[in-house]
Amino acid sequence: MLRTSGLLFGLFLSACAWPAGAQTGLPEASWRAVRAMTAEERECFAVSPTDADKPVVVMLLSPRMVYTLLEWTRMRQAAEALGYRVLGWKDPRVPEAEWRAALASPSATTTDPDALLAMPAQCDSLWRGMNHSPMGFVLLGSHLHPWPVWGVMPEEAWSEALRFRLLALRRALVQTPPQ
């Protein structure tokens, strides 16, 4: 009985400590995946002048994924609260009339069609083949974390994913020797 109680207590402490450790125990694969953007990616992700130390999350959104427009405002606000510059791009496979109808829906939390940007034409080849939205990429300066963030998620999970990507970007930039 005592051994079982000790085991359960140890598991409980491990579970409580995991979230804090998850933020600092970044897998090496994550920060090693970070890379300088290619010329094509730089052209695609060119954003108006901004602080190079401010992370950017670029999300491709579609009203065809039912929760996208229901949850996007909340997710955008959570990313902004973490210090991200947020760009929401409309999936170009969706006709403008369909976008307007979706944004006019009473359940849509994003109702301003101008709040979402058209995906730049030069990005078409980078996003071709992506079959799910919302999905996004996290950038910092001229570097990209190539692992996309997929779907709508609760605020805690979304915030953790963004922190995880930013931590990997910053760690990779510190450990990358100057060229």
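All figures in this text were calculated on a predicted structure; none of them were measured in a lab.

Draft legend 1. Layout of the overall build of the protein. In terms of helices and strands, the protein carries 7 helices and 6 strands. In the protein, the succession of helices and strands from N to C terminus is α-α-β-α-β-α-β-α-β-α-β-β-α. At a minimum sequence separation of 6, the contacts of the protein that also span at least 24 residues come to 78%. In the structure as shown, the protein presents an accessible area of about 10200 Å², 60% of it carried by carbon and sulfur atoms.

Draft legend 2. Looking closely at the environment of A121. Note that A121 resides in the loop between β4 (117-118) and α6 (124-127). Residue classification places A121 among the exposed positions, given a relative accessible area of 70%. Taking the C-alpha atoms as reference, A121 lies 8.0 Å from C44; in sequence the two are 77 residues apart.

Draft legend 3. Broad picture of helix α4 (residues 67-81). A rise of 1.5 Å per residue sets the reference length of α4, with its 15 residues, at 21 Å; its end C-alpha atoms lie 21 Å apart and thus fit the reference within 8%. The axis of α4 is deflected most strongly, by about 35°, at T73. Taken together, the buried positions of α4 are T68, L69, W72, T73, M75, A78 and A79. Tucked inside the fold, the buried residues of α4 contact β2 (56-61), β3 (85-90), α5 (96-104) and α7 (155-175). With its phi angle positive at about 95°, G83 sits one or two positions after the end of α4.

Draft legend 4. Main features of the packing of aromatic side chains. Per the stated rule, a full pass over the model turns up 2 aromatic pairs. Note on F45 and W89: the rings are 6.1 Å apart at their centroids and 15° apart in plane angle, and the pair reads as stacked. Of this pair, F45 sits in the loop between α3 (39-44) and β2 while W89 is found in strand β3, placing the two residues 44 residues apart along the sequence. Classification of W89 by relative accessible area gives buried; the value is 3%. Clustering of aromatic rings is evident, with ring pairs tying together F45, W89 and F137.

Draft legend 5. Spatial organisation of the sheet that holds strand β6 (residues 143-150). A sheet is described by the order of its strands in space; here 6 strands give the open sequence β1-β6-β5-β2-β3-β4, paired in mixed fashion. Edge strands, defined here as strands with exactly one partner in the open sheet, are β1 (35-36) and β4. Both β2 and β3 contribute to a ladder of 6 bridges, which runs parallel. In the strand pairing of β3, V58 is matched with L87. Running over the sheet, α4 touches β2 and β3 and is turned about 160° from β3.

About the criteria used
Residues numbered from 1 in each chain as written. Predicted model: local features only at pLDDT ≥ 70, side-chain atom pairs only at ≥ 80, totals over all residues. Heavy atoms only, no water. Helix = DSSP H or I, 4+ residues; strand = E, 2+ residues; numbered from the N terminus. Contact = heavy atoms within 4.5 Å. Areas by Shrake-Rupley, 256 points an atom, 1.4 Å probe, with all protein chains shown as cover. Buried < 20%, exposed > 50% of the residue type's maximum accessible area, 1.4 Å probe, protein only. Expected span 1.5 Å × (residues − 1). Bend = angle between axes of the 7 residues up to and from the residue. Phe/Tyr/Trp six-rings, centres within 6.5 Å; stacked < 30°, edge-to-face > 60°. Pairing = 2+ DSSP bridges. Axes fitted to C-alpha atoms, helices over the stretch in contact; angles between N-to-C directions.

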